[in-house]
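A look at the structure
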Amino acid sequence: MIRIGIIGGGASGMMAAITAGEHIRQLHLEKQVQVTLLEAEAFPGKKILSTGNGRCNFSNRDFSTDKYHTASPDIAEAVFSCFGVQDLCSFLERIGMRIKEREGYLYPSTDSAATVRDLLERALYRLPVTVHTDTMVSDISIDEGGQFTVTCADHKTCSFDRLILSCGTKAGLSPKQMRERENSFDLAELAKKLGLSFSAFVPGLVRLPMEDPFFKKTHGIRIDGEVSLFAEDRLLGREKGEIQLTEKALSGIPVFQHSALALQALKEGKQVTAHVNLLPDLSADALWEDISRRLSAYPEDTVSGALLGLLPGKVLEALLYRLGCKSSVKAGDFTGEITHLVNAIRDLTFPVEIMPELASGQVCHGGLSLNAFTNNLEAKALPGFYATGEALSIDGICGGYNLQWAFSSGYVAGNHILQEFYDPDQ
Ligand SMILES: Cc1cc2nc3c(=O)[nH]c(=O)nc-3n(C[C@H](O)[C@H](O)[C@H](O)COP(=O)(O)OP(=O)(O)OC[C@H]3O[C@@H](n4cnc5c(N)ncnc54)[C@H](O)[C@@H]3O)c2cc1C
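Every value quoted in this text rests on a predicted model; they were computed, and no experiment measured them.

Moving on, we come to the site of the ligand. Gly 8, Gly 10, Gly 168, Gly 172 and Gly 389 are the nearest of the 36 residues found near the ligand. Broken down by element, the residue count for the shell around the ligand peaks at four residues, all from helix 14 (residues 401-416). Counted by class, the shell around the ligand contains 14 nonpolar, 17 polar and five charged residues.

Quick look at the structure:
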């Protein structure tokens, strides 16, 4: 009997278990292979419920490996060519889901993440897979014969011949879940013990905390703009879209997309800055002309009064405060400052100095080095040990790419782990 253990029943662990379970059923391996999934929560797939604001954006038609931050795009490419966007759609339809597409973004037609989770759970429970919920794994060790011993928080142990690590990360966990995870193994320490290379996590798809007074004055404002993130002089990423100004953070999708790279650079001790262009569709000259025309039209009004309509009032006032311009200054007396204002609107710069909590992001950047794994996600130095999903050092931008990776990697590991039964040459 071959015993397969899967640690974590999130998107990738459920997919690995379903894939292995389907092979067992199709090949009549019930007496030869046993699959056990160990999940810390009371039911599998809990995180799926909060994805896509409760609607679960599970993938995207506009797909390429460029949508991911990883040092091993070749391995990601191999995984996606084995199980890509269309394979995921066909699988989800096969288990009962109807799919809705909005500008390439893929969702369940019910617009409910619970549909995705519930269908996966039903598919799982129909297969020859044993699921233990409320089971927190606290340690994993490997003996000289290559057997894996898994110890749970209640001190029970189980042995497996092969193991798939699908434990995800701390991204998005509630304070209660964070406290419970203190009983879990630490992935960095586990990697060290198993001889796998690991890079420490930083949060990704996350708002960037700011202490600048600009945010106190403008909080609650949403504005279409462009955010560029730099580590020293190196551009990490540039993105247009709706920027959200909160009391203590720069937020919104244009900030999220490359936040992981910014925080990785911050962790490495680099000087990181966020540059905001509040009117990216206007050239510097056009903006200069526009401001000049408004100021000359109402020379007796205050500057912010004359410029109202160009930007939200709170933003204008915060910009003028930043430039040291008193609110009482008349438009007619401001004409010499137009170039400074144009520069402030087009390149509003904030230092990125605060590392947010891991739980505050939608994903984590870092993890077990993907490079230490084969294209089938088996550790090169540790036969029989696989990893999937966010535990590996790859993370995508917003748009369904992280769940696509979770499902693709889960499929690849769950498929390969039984390969000797359907591909005897392997
Ligand atoms: C708020 C939010 C919104 C998101 N929205 C989207 C979106 O719309 N589209 C998208 O593509 N991605 C989204 N993501 C990211 C996506 O959810 C993750 O990338 C994906 O779920 C990762 O899958 P995984 O299987 O690696 O990990 P997870 O889904 O986190 O699953 C890991 C599982 O392992 C279990 N586990 C952990 N440690 C142990 C242990 N020691 N013992 C036993 N079990 C353990 C956990 O309880 C969990 O069930 C979002 C994330 C968040 C937080």
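If you trace the five strands from one edge of the open sheet to the other, you get 7-2-1-11-20, paired in parallel fashion. Two strands bound the open sheet, and with one partner strand each, they are strand 7 (129-132) and strand 20 (385-387). Shown here is a sheet whose adjacent strand axes are inclined to one another by a mean of 20°, direction ignored. In the sheet, strand 1 (residues 2-7) pairs with strand 11 (residues 162-165) via four bridges, with the strands oriented parallel. Residue pairing across strands places Ile 4 opposite Arg 162, the latter belonging to strand 11.

The next thing to look at is the nonpolar core. Most often, soluble globular proteins have nonpolar side chains that are buried together. In terms of nonpolar packing, the biggest core is built from 126 residues, with Ala 17, Val 35, Ala 262 and Tyr 386 touching the most fellow members. Among the domains, domain 1 (2-204 + 362-422) and domain 2 (207-355) are the pair contributing at least three residues each to this core. Residues in contact with Val 35, not counting those within four places in the same chain, are Ile 4, Ile 6, Ala 17, Ala 20, Gly 21, Ile 24, Val 129 and Thr 130.

About the thresholds
Residues numbered from 1 in each chain as written. Predicted model: local features only at pLDDT ≥ 70, side-chain atom pairs only at ≥ 80, totals over all residues. Near = placed C-beta within 6 Å. Helix = DSSP H or I, 4+ residues; strand = E, 2+ residues; numbered from the N terminus. Nonpolar A, V, L, I, M, F, W, Y, C, P; charged D, E, K, R; others polar. Pairing = 2+ DSSP bridges. Axes fitted to C-alpha atoms, helices over the stretch in contact; angles between N-to-C directions. Core = buried A, V, L, I, M, F, W, Y, C linked by C-beta atoms within 7 Å. Buried ≥ 20, exposed ≤ 12 C-beta atoms within 10 Å, placed from the backbone. Domains from an automatic or database assignment. Contact = placed C-beta atoms within 7 Å.

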